[in-house]
Protein chains: 2
Amino acid sequence: MGLLVVGSLGLDTVATPFDKVEDALGGSATYISLASSYFSGPVYLVGIVGEDFPKRYIKLLEDHHVDLEGLQVVEGGKTFRWSGKYHYDLNVRDTLFTELNVFENFDPVIPDKCRKAHFVCLGNIDPVLQGKVLDQMENPQFVVCDTMNYWIEGKKDDLMKVLPRVNVLIINDSEARLLAHEPNLIKAARKIREMGPEILIIKKGEHGALLFMEDVIFSAPAYPMEMIYDPTGAGDSFAGGFIGYLYKSQDLSPASMKRAVIYGSALASFCVEKFSTKALEDLSYLRVQDRYREFLTLSRFDEYD
Amino acid sequence: MGLLVVGSLGLDTVATPFDKVEDALGGSATYISLASSYFSGPVYLVGIVGEDFPKRYIKLLEDHHVDLEGLQVVEGGKTFRWSGKYHYDLNVRDTLFTELNVFENFDPVIPDKCRKAHFVCLGNIDPVLQGKVLDQMENPQFVVCDTMNYWIEGKKDDLMKVLPRVNVLIINDSEARLLAHEPNLIKAARKIREMGPEILIIKKGEHGALLFMEDVIFSAPAYPMEMIYDPTGAGDSFAGGFIGYLYKSQDLSPASMKRAVIYGSALASFCVEKFSTKALEDLSYLRVQDRYREFLTLSRFDEYD
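Reference entry: report on the structure contained in this document. Computed from a predicted model, the values in this text were never measured in an experiment.

**Some points on the overall build of chain A**
Moving on, step 1. Across its full length, chain A carries eleven helices and 13 strands.
Moving on, step 2. Compactness check: chain A gives a C-alpha radius of gyration of 18 Å against a globular reference of 19 Å for 305 residues, within 12% of the reference.
Moving on, step 3. Residues counted as buried form 49% of the 305 residues belonging to chain A.

**Considering the sheet that holds strand S5 (residues 66–74) of chain A**
Residues and elements named next belong to chain A.
Moving on, step 1. Taken in spatial order, the nine strands line up as S5-S4-S1-S8-S9-S10-S11-S12-S13 in an open sheet, and their pairing is mixed. Either end of the sheet is taken by a strand with one partner, and the two such strands are S5 and strand S13 (216–220). Put simply, the sheet's adjacent strands are angled 15° from each other on average, direction ignored.
Moving on, step 2. Pairing geometry for strand S8 (residues 119–122) and strand S9 (residues 142–146), over four bridges, is parallel. If you follow Phe 119 over to S9, its bridge partner there is Phe 142.
Moving on, step 3. Against the sheet, helix H1 (residues 28–36) makes contact with strand S1 (3–6), strand S4 (43–50), S5, S8 and S9, and its axis sits at roughly 155° relative to S1, the strand it touches most.
Moving on, step 4. Here helix H6 (residues 173–180) sits on the sheet in contact with strand S10 (168–172) and strand S11 (199–203), set at roughly 110° to S10.

**So, the environment of His 87 of chain A**
Moving on, step 1. In this fold, His 87 of chain A is placed in the loop between strand S6 (81–86) and strand S7 (93–99).
Moving on, step 2. Once you skip the residues sitting within four places of it in the chain, His 87 of chain A turns out to touch Val 92 and Arg 93 of chain A.

**What to know about the relation of the copies chain B and chain A**
Moving on, step 1. Of the transformation superimposing chain B on chain A, the axial component is 0.0 Å and the angular component is 180°, with the fit at an RMSD of 0.0 Å. Such a combination of turn and shift is consistent with a two-fold rotation axis. If distances are taken from each C-alpha of chain B to the rotation axis, the shortest is found for His 207 of chain B, at 3.0 Å.
Moving on, step 2. Both copies share a contact surface, since 100% of the interface residues of chain B are interface residues in chain A too.

**Looking at the interface of chain B and chain A**
Moving on, step 1. Every contact between the two is made by 28 residues of chain B and, on the other side, 28 residues of chain A.
Moving on, step 2. Only helix H7 (185–194), strand S13 (216–220), helix H9 (254–271) and helix H11 (285–299) of chain B provide two or more residues apiece to the side of chain B that touches chain A.
Moving on, step 3. When residues of the side of chain B that touches chain A are assigned to their parent elements, the largest contribution, five residues, is made by H11 of chain B.

**Section: the environment of Val 66 of chain A**
Moving on, step 1. Locating Val 66 of chain A in the fold gives a position in strand S5.
Moving on, step 2. Along the backbone, Val 66 of chain A and Ser 253 of chain A are 187 residues apart, and their C-alpha atoms lie at a distance of 27 Å.

**Quick word on the packing of H1 of chain A against helix H8 (residues 234–249) of chain A**
All names here are of chain A.
Moving on, step 1. Contact pair H1 / H8: the axes reach a minimum separation of 7 Å and the direction vectors enclose 40°. As summarised for this structure, H1 and H8 are arranged oblique, according to the angle between their axes. The handedness of the crossing between H1 and H8 comes out as right-handed. Contacts between H1 and H8 involve Ser 28, Tyr 31, Ile 32, Ser 33, Leu 34, Ala 35 and Ser 36 on the former and, on the latter, Asp 236, Ser 237, Ala 239, Gly 240, Gly 241, Ile 243 and Gly 244.
Moving on, step 2. Tallied by class, residues from the contact of H1 with H8 come to six nonpolar, seven polar and one charged.

Each value, and the rule that gives it
- Residues numbered from 1 in each chain as written.
- Chains lettered and ligands numbered in written order.
- Predicted model: local features only at pLDDT ≥ 70, side-chain atom pairs only at ≥ 80, totals over all residues.
- Helix = DSSP H or I, 4+ residues; strand = E, 2+ residues; numbered from the N terminus.
- Rg over C-alpha atoms; globule rule 2.2 N^0.38 Å.
- Buried ≥ 20, exposed ≤ 12 C-beta atoms within 10 Å, placed from the backbone.
- Pairing = 2+ DSSP bridges.
- Axes fitted to C-alpha atoms, helices over the stretch in contact; angles between N-to-C directions.
- Contact = placed C-beta atoms within 7 Å.
- Least-squares fit on C-alpha atoms with pLDDT ≥ 70 in both.
- Parallel < 35°, antiparallel > 145°, perpendicular 65-115°, else oblique.
- Left-handed = near helix turned anticlockwise from the far one by under 90°.
- Nonpolar A, V, L, I, M, F, W, Y, C, P; charged D, E, K, R; others polar.

Quick look at the structure:
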């Protein structure tokens, strides 16, 4: 049935205190697709690029068995571009420019063969478009949705219409506080789940992630990183690892959901080890499992005696 | 042999958005002693108070089997007082006043019977005094030390003399960054351990704690709290639960150290549920174990499949 991923594809120009890249492969759909490709295919990508989108990036996605039938390539159009600069502590970034280009008129069209997909990952795009994607699906059974402060502040009403239609919302801690108008994350989680998603994941960067599901709270550790080369795409890689594992396992129990959070954390930890999508390009399932085992070692303690 | 606790005793006047207390029992030695009292005795407390220190607080400590032979009561003296006000998000607090009073001339004298103690917990006091305590010990085998930004900024040289003499340093994340001049906590931990303590614990408040020991990194979750009534003493309660468990188990292996971090986290989570020391006054070892089990549930996930 496949896993459908909808989001942005872009060319990123990123500077960190350590290095700089220009027109590197970026975009939420890109990171999600690459991260989920290490679990089980097929991954269907729906997005939009301009004629200037480098062929080598197309090939890279295809080499990872990402099906691009749903990728709109606009003749004469320019690809979405974003440029950001990270500060020394890497938690703060300035957006230097955003050129929407062809992304401004993105109207996602889901190819017929993908409409039957049961697993859908809605990358961080306009909630109106997220809704349009769901309108085209025949029987989506497990929908994961990402969003950000930009939509929470600017398109709250539209976001509120999408939330009851998704199974999992993935946001970071500041977005959770903003969405719920509540500084305490545990209370914020309750409020957000009342908005629709029965499962909520709050990412806390260097402090790990929290999963809220049924009456379960699960606290996932963060991978201890001495060096973060480029934080771009970490959240999308998390989403990709998360849904990729669940699609592979076809098990939506709390125990499986916890494992999926760890796989998401693992993919995010790989992502930030190199610039752009570099670290996601040559992983293997074995290396992903090794990292999973490191998360186990990191957080496991015995029963009391 | 007993467990020796040295630190402050005080009368705290605390306001949070929810309530206010005046001249409540406070001080690092108080919280550490009460927290560790739920594990195994005897706990020897060394500290100083004035004649105005309420008898009921003496009785409270004695009821928890805290040995007060080392408590100096200064005739005609006034007890150390501190007043603080917490803001809405409880992570920010203003100190309204600090009256050192008898604490200004505190010169810790360790009673003969306590000098043989192998387990020592140095609460957050002047590092010069922490050194004086260690000078009086015959054969301290496991020394836990707390400190804070005030000493890191104001008495760095004295602190650097104490650090090689302690086995465990417990500090929070901002103190770790300050002490190491390094924003990345993993790198900061390495630098700090090079200053002396072979074991380092970094407390991260609502994000849990990190333990660094040998080549092990352990990430402990935070207990999910919907309501924090009074954060005062949480760090001291952590230290008390941590050393209390280790003293009881007499096992200093990494596995035991991880359990101790969870017991410390458990005691800290109890501490903030009520004002002042209230929540630490009527616990039981069974309730502590129940909470330990909740930490297990919160953080446990399976091997991958």
